[in-house]
Amino acid sequence: EPEVTQTPSHQVTQMGQEVILRCVPISNHLYFYWYRQILGQKVEFLVSFYNNEISEKSEIFDDQFSVERPDGSNFTLKIRSTKLEDSAMYFCASSENWGSSGHIDTGELFFGEGSRLTVL
Amino acid sequence: TQLLEQSPQFLSIQEGENLTVYCNSSSVFSSLQWYRQEPGEGPVLLVTVVTGGEVKKLKRLTFQFGDARKDSSLHITAAQPGDTGLYLCAGEGNAGNMLTFGGGTRLMVKP
């Protein structure tokens, strides 16, 4: 069964360092997302991406964050200068279509297993 | 800002018992999704409800979307130890797949 894969599974970094989290979405999917979950808190939306552009972003996704699809398969999240509060599990997701309400069979989000980021 | 309140946060029951998890908001959602998340893994979609008043069944799990599309419930009949896990509701707003998640219900079913 096709799946979203993420690397690394766990990264430890020093505050102020740049971090790149990588994701390989499902191959026929066109919409890509990053969500994060701080330990003990809710899963939060960061950004959605389609056609090489950001579609939506939350207030969490400030200038320190960027996303890129550098080739036909990878989707990356870069944090330019990490802060302690960036420590979280970061989930990549992809979907074939945009929104479940209009595309109930193809709007489903498939999540990766997550990348745990620890900022010291 | 849309918020989803999920209750209860924790639930520990015996095998064979029934349970209901609630997801409530003051906001209207275009769809409501229920996920299950295992430790060390991402959320996995169980069901999507779209129409107000809609009821969907998945074996022993029954999902309902409120008439006003502001709330939802998950009912499990005759719970089994294999149902143990974290259940998340997530609402889809008008901006497509920018999901708002509830805080989750951690269910433990004891044999």
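Data block above holds the structure.
In this text, all values refer to a predicted model and were calculated from it rather than measured experimentally.

**Student:** What should I look at first to understand the interface of chain B and chain A in this one?
**Tutor:** Often, the extent of an interface is quoted as the loss of accessible area on bringing the components together. Contact with chain B, which involves 25 residues of that partner, is made by 21 residues of chain A. For the chain B and chain A pair, buried surface summed over both sides reaches about 1,800 Å², with 59% attributable to carbon and sulfur atoms. Counting every contact that joins chain B to chain A gives three residue pairs in polar contact (both at pLDDT 80 or more). At the level of secondary structure, the elements contributing two or more residues to the side of chain B that touches chain A comprise strand 4 (31-37), strand 5 (44-49), strand 9 (85-92) and strand 10 (99-101) of chain B. Considering each element in turn, the side of chain B that touches chain A owes the most residues, four residues, to strand 4 of chain B. Here the side of chain B that touches chain A is built from residues that sort into ten nonpolar, eleven polar and four charged.

**Student:** Please clarify how the environment of Phe32(A) should be interpreted in this entry.
**Tutor:** All names here are of chain A. By the element assignment, Phe32 lies in strand 4 (residues 31-37). By relative accessible area, which is 4% here, Phe32 ends up buried. Linking Phe32 and Thr82, residues 50 residues apart in sequence, is a C-alpha distance of 22 Å. Setting aside residues up to four positions removed in sequence, Phe32 forms contacts with Pro25, Val47, Ser48, Phe49, Arg69, Phe75, Ala93 and Ser94.

**Student:** For this particular structure, what's the right way to read the layout of surface pockets?
**Tutor:** In this model, the largest pocket occupies a volume close to 590 Å³. What lines the largest pocket is a set of 26 residues, among which Gln37(A), Gly40(A), Gln41(A), Leu86(B) and Arg106(B) lie closest to the centre. Those elements that provide at least two residues to the lining of the largest pocket are strand 9 (88-95) of chain A together with strand 1 (5-7) and strand 9 of chain B. Taken together, the residues of the lining of the largest pocket sort by class into nine nonpolar, ten polar and seven charged. Estimated volume of the second largest pocket: approximately 500 Å³. Residue lining of the second largest pocket: 18 residues in total, with Ser58(A), Thr1(B), Gln2(B), Met98(B) and Thr100(B) positioned closest to the centre. Secondary structure elements with two or more residues in the lining of the second largest pocket: strand 5 (43-50) of chain A together with strand 10 of chain B. Considering only residue class, the lining of the second largest pocket consists of nine nonpolar, six polar and three charged.

Criteria and cut-off values
- Residues numbered from 1 in each chain as written.
- Chains lettered and ligands numbered in written order.
- Predicted model: local features only at pLDDT ≥ 70, side-chain atom pairs only at ≥ 80, totals over all residues.
- Heavy atoms only, no water.
- Contact = heavy atoms within 4.5 Å.
- Buried area = accessible area lost by both parts, 1.4 Å probe.
- Polar contact = N/O pair within 3.5 Å; in protein donor to acceptor, adjacent residues only side chain to side chain.
- Helix = DSSP H or I, 4+ residues; strand = E, 2+ residues; numbered from the N terminus.
- Nonpolar A, V, L, I, M, F, W, Y, C, P; charged D, E, K, R; others polar.
- Buried < 20%, exposed > 50% of the residue type's maximum accessible area, 1.4 Å probe, protein only.
- 1 Å grid on protein atoms, 1.4 Å probe; cavity = no way out; pocket = protein on both sides within 12 Å on 5 of 7 lines; lining within 4 Å.
- Points joined across faces, edges and corners; volume = space filled by probe spheres on them.

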